[in-house]
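So you can see what is in the structure, the chains are spelled out below.
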Amino acid sequence: MERSANVYRYGLIHVEVRKVRKVAIIGAGMTKFARRHFKTPQELVQEASIKALEEAGLGYNDIDCVVIGSAPDAFDGVHQKGEYLFPAMNKPMTRVFIGGATGVMVPISGYYHVASGMCDKVLAIAEEKMSQARPHPQAVFRYIWDPILETPIGPNLLWIFAMEMHRYMYAYKVPKEDIALVSVKNKANAADNPYAQLGGRITVDDVIKSEVLVWPVNRLDVSPVSDGAAAVVMVSEDVARRYTDTPVWVAGVGWTLDNTEWTGRDLSYNRYLEIAGRMAYKMAGIERPNKEIDVAEPYDPFDYKELMHLEALQLAPKGKAAQLVKEGVFNRDGDLPSSPGGGLLGVGNPIAAAGLMKVISLYWQLKGTAGKMQVKKPVYTGVAQAWGDLMQASTVVVLRR
Amino acid sequence: MIRYVPKAKYSYSAGQAQSVFLNGLKEKKILGTVCNKCKKVYVPPKMYCEECFKPTDGWVELKDEGIVHTAIASFVSWTRDRLEEPIISGTIKLYGSERDYVFPGMFHRICTTYDKVRDMSIIGAKVKAVWNEKRVGSIEDIQCFKEV
Ligand SMILES: [Zn+2]
C-alpha cells in the first residue's frame, strides 16, 4: 500500500505504551438521534448514562471518574457546557474537546484515566443538542475561522468539506456518482438501527439530484443535524472480569492535531489521520490493517469523508476506496464492513455524540449484540475514528474482543 | 422560545506577522516568512516555524500568482440562506515552494464561472490576484484570484 512520503518527518510515533493497565468497555448507552429532541441536554446525558451503567451492572456510586465531551458551547447555547451537562457530584470530571474529533477523544480519555491506574471505573459521555441554535446551527461555525484573513470571505462549514471533496475528486478522478454510493450504503444500513434518524433506501440518483448546497456537495452527501447523547463505561481488567463474560478491550488509541494552515495543505489526503491511525495500530500490534481489521467505523459526516478516512486508516489504497465500495467490499456482508450501523449519514450527526456512537457501534459488533446490524463475518478486531477542527484533528480507537 | 441576539463584538489583534502581511497587501505585495532551516515559506506568515519550533528567519515577497488547488461554488451563505448567484472560492497554491503536501497558500474568492467549477477545469488553472484600486490593508484588498 502506498505511503505518504513525508509521514515520518512530522510528529509521530514516539509514543511507546508500556506498563499500562488493560482497559475494557463493559457497557454502552445511547439516546435515539433526532432532528429535535424534546429533552434538555442534561436529560439526554442522563438517559444515555443510565443505559450504559445498566448494561455494565454498575450504579453511579460505583464510578470513580467521569469524562465528558461536547463540541462548541454555542450549539447547545450554554457556555461551560461540560459543567452544565453533568452533575459529577464531587467525582473527578474532565471535559475533552477537539472539534468534530471529540466523540472519539472521549473514550481515548476514558482509556488513559483507567490505563494509568488513576481510576478503575470511568463513565465516558458525549452530547450535542444542535437544534437549539437559531436560525440555523450553521451560523455558529462563523467563529471557527481566522477572523482577519478568512471570516471576511464569508465561509460556512460546508465550504471546508466542499473544498476537500473537490480536491479529492480531482486528485484521484473519483466521480460524484461513486462517492454517493457511500450515502446510499450508510442510509440503508441505518434502516436496521433503532437509534437512527435518517435510515432508508435512497439511490445514487436521489443524491445527485438533491439540492446543490456548495458544489460539489449536494444535500444528500451530508449527514443530518441532530440532537443526541451517548455513553460508555470503561473499566480496569479485574473489574471487567468480575462484571462481564464479554468485555471488549481497548487495544489501541491514537490521536493527532495538525496546524490550522488548511489553506496551504494538500486537501486530498488526511496525513494527520494516517499518523493517528499508525499510533493506534502500533499499540494494538497491527501491522497490516487492511488484513487485520475485521470491521470499520470511519467518521462519515459527508459521504466522501468515509472514503478519505478508509484510505488514511490504510484500509484502502489512496484514491481507491470508492472502487472498493462499488465492489461491495464495505457492505455489511463484505470483506471489510464499514459503517454497518449506518454511520453519521444514516444515524445522525450530533457532533460529539456521533463520534462516540461510532465507537459504540463497533462495541456492539465485537460483543455480537448488533442485532440486524451484525456483520456476516466473525469479528475480532475493529477500528473507529473521528475527525475535526479546521481539517487538522483525528482520533482513533482500536477495539478487540 | 427565547429570542436573543448575542451582542458580543470582538476587536481582534492582527499581531506581528499578519500586520506586516496586511500592510503588504496595501502595496499589492504578498509577503511571507521563511524558515532557513527547513526552507518552509509561510503564507499566511508566521513568526515561528511550527516544524522546527524556532523563530522564522525573515520576509520574502511572493508573486501574486498561483495555481488553484481546490474550488467550490456556494449556494448557501454563512447563515445558510439560499444564494441565487454562487460565491466561488477556493485555495490558491502560490509559487515559491518545492514541497507538495504543505505550501504557501491563500484562501480567497476565485473569479470564474460556475461551469468551470463544475467541470473542474478551474482546478489546476493559473490565477493572478485582482487588486482593488482603494486598498486599506485587508484581505479584501484583493477582489479575487482570476485566471490568466
Ligand atoms: Zn522550519
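Structure: above.
Residues numbered from 1 in each chain as written. Chains lettered and ligands numbered in written order. Predicted model: local features only at pLDDT ≥ 70, side-chain atom pairs only at ≥ 80, totals over all residues. Heavy atoms only, no water.

Asker: Can you break down the overall build of chain B residue by residue, with the values?
Answerer: Each helix and strand in chain B was counted, giving two helices and ten strands. Overall, chain B shows an N-to-C arrangement of helices and strands of α-β-β-β-β-β-β-β-β-α-β-β. Along the three orthogonal principal directions, the C-alpha set of chain B runs to about 55 × 45 × 30 Å. By the burial criterion, 44% of the 148 residues in chain B qualify as buried. Taking the average place of the 24 positive charges on the side chains of chain B and the average place of its 18 negative ones, the gap between the two points comes to 4 Å. (Helix = DSSP H or I, 4+ residues; strand = E, 2+ residues; numbered from the N terminus. Buried < 20%, exposed > 50% of the residue type's maximum accessible area, 1.4 Å probe, protein only. Lys, Arg positive; Asp, Glu negative; His and termini not counted. Charge placed at Lys NZ, Arg CZ, Asp CG, Glu CD.)

Asker: A description of the sheet that holds strand 10 (residues 381–388) of chain A should follow, citing residues and the corresponding values.
Answerer: All names here are of chain A. Spatial strand order, 3-2-4-7-1-8-11-10-9: nine strands in an open sheet with mixed pairing. The strands lining the two open edges of the sheet, one partner per strand, are strand 3 (93–96) and strand 9 (295–297). On average, each strand axis in the sheet is inclined to that of its neighbour by 25°, with strand direction left out of account. Note that strand 2 (residues 65–69) and strand 4 (residues 121–129) share five bridges and pair parallel. In the sheet register, Val67 faces strand 4, and the bridge partner there is Ala124. (Pairing = 2+ DSSP bridges. Axes fitted to C-alpha atoms, helices over the stretch in contact; angles between N-to-C directions.)

Asker: Pulling in residues and values, what's your account of the interface of chain B and chain A?
Answerer: In this complex, chain B contributes 50 residues to the contact, which on the side of chain A involves 46 residues. The junction of chain B with chain A conceals about 4,300 Å² of combined surface from both sides, 63% of it contributed by carbon and sulfur atoms. Three residues stand out in chain B for area buried against chain A, namely Trp78, Tyr101 and Phe107 of chain B, and they jointly supply 22% of the buried area on that side. Linking chain B with chain A are three salt bridges, by the criterion used here. On inspection of chain B and its partner chain A, the count reaches 19 residue pairs in polar contact (both at pLDDT 80 or more). Mapped onto the side of chain B that touches chain A, the elements with two or more residues apiece are helix 1 (15–26), strand 6 (65–76), strand 7 (82–94), strand 8 (105–111) and helix 2 (114–118) of chain B. Broken down by class, the residue content of the side of chain B that touches chain A amounts to 26 nonpolar, 13 polar and eleven charged. In this structure, strand 5 (residues 212–215) of chain A lies alongside strand 6 of chain B, joined through two bridges in antiparallel fashion. The residue bridging Val214 of chain A from the neighbouring strand is Ser74 of chain B, located in strand 6 of chain B. (Contact = heavy atoms within 4.5 Å. Buried area = accessible area lost by both parts, 1.4 Å probe. Salt bridge = Lys/Arg side-chain N within 4 Å of Asp/Glu carboxyl O. Polar contact = N/O pair within 3.5 Å; in protein donor to acceptor, adjacent residues only side chain to side chain. Nonpolar A, V, L, I, M, F, W, Y, C, P; charged D, E, K, R; others polar.)

Asker: Let's hear about the side chain of Thr381 of chain A: which residues, and what values?
Answerer: All names here are of chain A. Its place among the elements puts Thr381 in strand 10. In this structure the side chain of Thr381 is engaged in a polar contact, spanning 3.3 Å, whose partner is the side chain of Arg400. Non-local contacts of Thr381, meaning those with residues more than four positions away in its chain, are made with Ile286, Glu292, Ile293, Asp294, Val295, Leu366, Val398, Leu399 and Arg400.

Asker: Could you give an account of the environment of Met163 of chain A, with specific residues and numbers?
Answerer: Position of Met163 of chain A relative to the elements: it lies in helix 5 (residues 157–172). Along the sequence, Met163 of chain A and Ala48 of chain A sit 115 residues apart, while their C-alpha atoms lie 35 Å from each other. Sequence-distant contacts of Met163 of chain A, that is, excluding residues within four places in its chain, are made with Trp262 and Leu267 of chain A together with Thr70, Ile72, Gly90, Thr91 and Phe107 of chain B.

Asker: Give a detailed account of the pattern of salt bridges, specifying residues and quantitative values.
Answerer: On inspection of all chains with the given rule, the structure shows 34 salt bridges over all chains. One salt bridge connects Arg242 of chain A with Asp238 of chain A, and the closest N-O pair in it is separated by 4.0 Å. Taken as a pair, Arg242 of chain A and Asp238 of chain A lie in helix 8 (residues 237–243) at a separation of four residues, close to a single helical turn. Overall, the relative accessible area of 58% leaves Arg242 of chain A in the exposed class. Since its relative accessible area comes to 44%, Asp238 of chain A is described here as partly exposed. Of the charged contacts in the structure, one is a salt bridge between Glu50 of chain B and Lys46 of chain B, with a shortest N-O distance of 3.4 Å. Taken together, the salt bridges that share partners define one network made up of Glu261 of chain A together with Lys40, Lys46, Glu50, Glu51 and Arg99 of chain B.

Asker: Explain the nonpolar core to me, using residue names and the numbers behind them.
Answerer: Core analysis: the biggest nonpolar cluster contains 152 residues, and Val250, Leu315, Val383 and Leu399 of chain A together with Ile30 and Met106 of chain B have the highest contact counts within it. Tallying contributions element by element places helix 14 (residues 351–367) of chain A first for this core, with twelve residues. Here Leu399 of chain A is in contact with Ile25, Val248, Trp249, Val250, Ala251, Val359, Leu362, Tyr363, Leu366, Tyr380, Thr381 and Gly382 of chain A, once residues within four sequence places are set aside. Among the nonpolar cores identified, the runner-up in size contains 24 residues, and Val45, Ala52, Val235 and Trp249 of chain A belong to it. (Core = buried A, V, L, I, M, F, W, Y, C linked by side-chain atoms within 4.5 Å.)

Asker: An account of the coordination of the zinc ion is requested, with residue identities and associated values reported.
Answerer: Residue and element names in this part refer to chain B. For the zinc ion, the full set of protein donor atoms is Cys35 (SG), Cys38 (SG), Cys49 (SG) and Cys52 (SG), and the range of their distances to it is 2.2 to 2.3 Å. Around the zinc ion, the four donor atoms are arranged such that angles at the metal cover 104 to 113°; this shape is classified as tetrahedral. Positions of the donor residues of the zinc ion along the chain correspond to the pattern C-x2-C-x10-C-x2-C. Judged by relative accessible area, which is 0%, Cys35 ranks as buried. Owing to a relative accessible area of 12%, Cys38 belongs among the buried residues under this scheme. (Donors = N, O, S within 2.8 Å, 3.2 Å for Na, K, Ca; no water. Tetrahedral: all angles 85-135°; square planar, octahedral: opposite > 155°, others 65-115°.)

Asker: Quick rundown of the environment of Ser268 of chain A? Include the residues and the values.
Answerer: All names here are of chain A. Summarising the element assignment, Ser268 is placed in the loop between strand 8 (248–257) and helix 9 (271–284). Separated by 103 residues in sequence, Ser268 and Met165 have C-alpha atoms that sit 7.5 Å apart. Here the side chain of Ser268 touches Asp266 through a polar contact of 2.8 Å, side chain to side chain.

Asker: Quick rundown of the sheet that holds strand 2 (residues 41–42) of chain B? Include the residues and the values.
Answerer: Residue and element names in this part refer to chain B. As summarised here, the arrangement of the three strands in space is 2-1-5, forming an open sheet in which the pairing is antiparallel. Every other strand in the sheet has two partners, leaving strand 2 and strand 5 (58–62) as the edge strands with one partner each. When strand 1 (residues 30–34) meets strand 5, the two strands line up antiparallel, connected through five bridges. Considered in strand 5, the bridge of Gly32 is made with Val60. Of the strands in this sheet, strand 1 and strand 5 are in contact with helix 1, which crosses strand 1 at around 150°.

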